[in-house]
Amino acid sequence: METLLSGPDGTYDILGIGFGPSNLALAIALAEHNARVPESERLRVGFLEKQHDFGWHRGMLLDDATMQVSFLKDLVTMRDPASDFSFLCFLKQSGRLVDFLNHKTLFPLRIEFHAYFEWAAARMRDLVEYSAEVVSVEPVTGEGGEVHAFDVIVRDPERPERTFIRRARNLCVATGLEPHLPPGTVVSDRVWHNSELLPRVSALQEAGTRVRRALVLGAGQSAAETADYLHRTFDQAEICAVFAKYGYTPADDSPFANQIFDPAAVDTYFGAPPQVKQSLLDYHRSTNYSVVDMDLIESLYRTVYREKVRGSERLRLLRASRIREVRALDDRLRVEVEFLPTGAREVIEADLLVHATGYRPQDIGAVLGRAAKLCLRDEEDEVRIGRDYRVLTPPNVSAGIYLQGAGEHTHGLTSTLLSTTAIRAGEIRDSLLAHRTPRARAAT
C-alpha cells in the first residue's frame, strides 16, 4: 500500500467521495471561498471519483429529453446569482445565450445541462482524482481516543493491485443513487436497467440484433422515456409498457406543490415530528416518484391512438399488471405477466426486458467501511444527520462526515434532487468553516 499523503501537511480539510453534481457544487463553493480569503484561511480540498471522467446519468441522455428542474436551480445560482459558474455563464461562453433566451423555456435539454456540468467540472479538474475507487475508510485515532481524521483507502479500477491513502479531517459522501432492480432479477444482455439504455441499444444496433418485442417495466418518467425511445428506435418492434397503475400519472409541478423543494421547506421538514415527515413525503410523492411529464404522456397517448386508427398497434400498455416470472431461452425471453384485477396471466415472448424501476441511495456502510460504525442511528436504524448535513457521531469523534443524497428521512424530497444542490453546498461549506479547529487552521 502506498501512502501518498500523511502528516499535517498532507491532510485534507475536506475530501469528497464521489464527484457528481452535488460534490461538484460543493467544490465550486469551496473554491470560491478559497479565492476570497488569505492563504492562511483557505481549505485544503480534494475529491475522489471512480469514473474516468465526469458523467451524470449518461445512459439516459436522450437527444430530445429536457430537464425537469429550472435552469436557475443549477450548481450555484440559488446560493450566489453572481457566480460565474452559472448555467447562464456557460451559455454565454458557449455562444448560445441569446438563442436560449429566444427559446423561452426554463427547462434546457438534458444533454445541454450535462454539457454545463462537464464545463463546470473541467474548471474544477485540479481538485479531483478520477479513476479513484474508494475501498474503505479507516478512522484515525489520536491521544485520548479522539478520532480526528479518516484514512481513505483508494484503488485504481484498472490497476486493482495499486492502492493508496488520502487522509482528511472531514469527508463528504456523495456517491449518488444506484439502480434498483426487483428482487431475483438476473441481469443479462437481454435484461437490464434503463440507466444503461443508450449504450445497450447502441450495442444491439452495432451487432445487428433484431428486436421484435421489448418490455419496459415501470410507470415513472424514465420508464415512459424508455418506452418512447425504444418505440422510435426499433420502428418495427412491439413495445410493451408494464406497470401496476392503470395509466401514466402526471407529475404535480404546480407552483404551490413545488414549494416542497424550496430551501425554507427543508427547515420545516427537518424540524417536524416523524409522523409529519412521513405525511409530507406521502402527500408530495407525486412531485417526483412514479410520475411523468404531461407533455410526454400526451405524446404517448397520441402514438397509441394513431396506431389504433391505422390498425397496427406497436405501443401496448399492459396496465394494472405485474411481471411474475422471467425465463431466459436460447434466443429470447419468456415473460409471464399478471393482470392484477382478474389474476389472469399472459405469457409474452420478448427480446428485451428493461427495468425502469428507479434508484436508491447507496448503503453508507459499503462506502465508509469501519468508519460507518461511528455514525449514530435513530430508532428506525436510519443515519442521524444534522441540519447542516453533518452526520451525528459519538463525543470522541471530532472528524466530520457529511452526506449528500442520502437524507430524505431528515431533509425531505430535495435530498436526492437538484433543486437545493447549490444551497446545500453553501451550508456544508459554512458548517466546515464553523467546525474548523485552531489546530486545523495552523496546519493549513
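Residues numbered from 1 in each chain as written. Predicted model: local features only at pLDDT ≥ 70, side-chain atom pairs only at ≥ 80, totals over all residues. Heavy atoms only, no water.

Caption draft 1: Representation of the overall build of the protein in the model. When you go through the protein residue by residue, the secondary structure sums to 14 helices and 20 strands. Its C-alpha radius of gyration of 24 Å places the protein within 12% of the 22 Å reference for a compact globule of 444 residues. Taken over the C-alpha atoms alone, the protein extends approximately 75 × 50 × 50 Å along its principal axes. Taking all 444 residues of the protein together, 48% fall into the buried category. Pairs at least 24 apart in sequence give 72% of the contacts found in the protein among residues at least 6 apart. Of the charged side chains in the protein, 53 are positive and 62 negative, and the gap between their average positions amounts to 1 Å. (Helix = DSSP H or I, 4+ residues; strand = E, 2+ residues; numbered from the N terminus. Rg over C-alpha atoms; globule rule 2.2 N^0.38 Å. Buried < 20%, exposed > 50% of the residue type's maximum accessible area, 1.4 Å probe, protein only. Contact = heavy atoms within 4.5 Å. Lys, Arg positive; Asp, Glu negative; His and termini not counted. Charge placed at Lys NZ, Arg CZ, Asp CG, Glu CD.)

Caption draft 2: How the structure looks around helix α2 (residues 87-94). Every buried residue of α2 is accounted for by Phe87, Phe90 and Leu91. Relative to the axis of α2, the buried residues are bounded by an arc of 100° and lie together on one face. Turned more than 90 degrees away from the buried face of α2 sit Lys92 and Gln93, all of them exposed. Following α2 by one or two positions, glycine 95 has its phi on the positive side, about 75°. (Arc of directions from axis to C-beta.)

Caption draft 3: Fine view of a nonpolar patch on the surface. Where nonpolar side chains cluster on the molecular surface, the patch consists of Leu72, Leu106 and Phe107 and spans about 250 Å² of accessible area. With respect to the helices and strands, the residue leucine 106 is situated in the loop between α3 (97-103) and α4 (110-123). (Patch = residues over 30% accessible without salt bridge, like charges linked within 9 Å, V, L, I, M, F, W, Y side chains within 5 Å. Areas by Shrake-Rupley, 256 points an atom, 1.4 Å probe, with all protein chains shown as cover. Salt bridge = Lys/Arg side-chain N within 4 Å of Asp/Glu carboxyl O.)

Caption draft 4: Just the packing of helix α1 (residues 21-36) against helix α13 (residues 421-435), in detail. At their nearest, the axes of α1 and α13 sit 8 Å apart, and the two run at 50° to each other. Taken together, the axes of α1 and α13 lie oblique to each other. Seen from above, α1 lies across α13 with right-handed handedness. On the side of α1, the interface is formed by Pro21, Ser22, Ala25, Leu26, Ala29, Leu30, His33 and Arg36, while α13 contributes Thr421, Arg424, Ala425, Ile428, Arg429, Leu432 and Leu433. Looking at the contact of α1 with α13, its residues break down into 9 nonpolar, 3 polar and 3 charged. (Axes fitted to C-alpha atoms, helices over the stretch in contact; angles between N-to-C directions. Parallel < 35°, antiparallel > 145°, perpendicular 65-115°, else oblique. Left-handed = near helix turned anticlockwise from the far one by under 90°. Nonpolar A, V, L, I, M, F, W, Y, C, P; charged D, E, K, R; others polar.)

Caption draft 5: Expanded view of the packing of α1 against α4. The contact between α1 and α4 brings their axes to 10 Å, and the two run at 45°. On the basis of the axis angle, α1 is oblique to α4. By crossing handedness, the relation of α1 to α4 is classed as left-handed. Here Pro21, Leu24 and Ile28 of α1 lie close against α4, whose contacting residues are Phe117, Ala120 and Ala121. Residues of the contact of α1 with α4, tallied by class, amount to 6 nonpolar, no polar and no charged.

Caption draft 6: View of the sheet that holds strand β20 (residues 400-403). Overall, parallel pairing links the 5 strands, which are arranged β5-β4-β3-β9-β20 in an open sheet. Each edge of the open sheet carries a strand with a single partner, namely β5 (128-129) and β20. Here 3 bridges tie strand β3 (residues 14-17) to strand β9 (residues 170-173), and the two strands are oriented parallel to one another. By the bridge assignment, glycine 16 is partnered in β9 with cysteine 172. Contacting β3, β4 (45-48) and β9, α1 runs over the sheet at an angle of about 165° to β4. Helix-sheet contacts for α13 involve β3, β9 and β20, and the interaxial angle to β20 is about 170°. (Pairing = 2+ DSSP bridges.)

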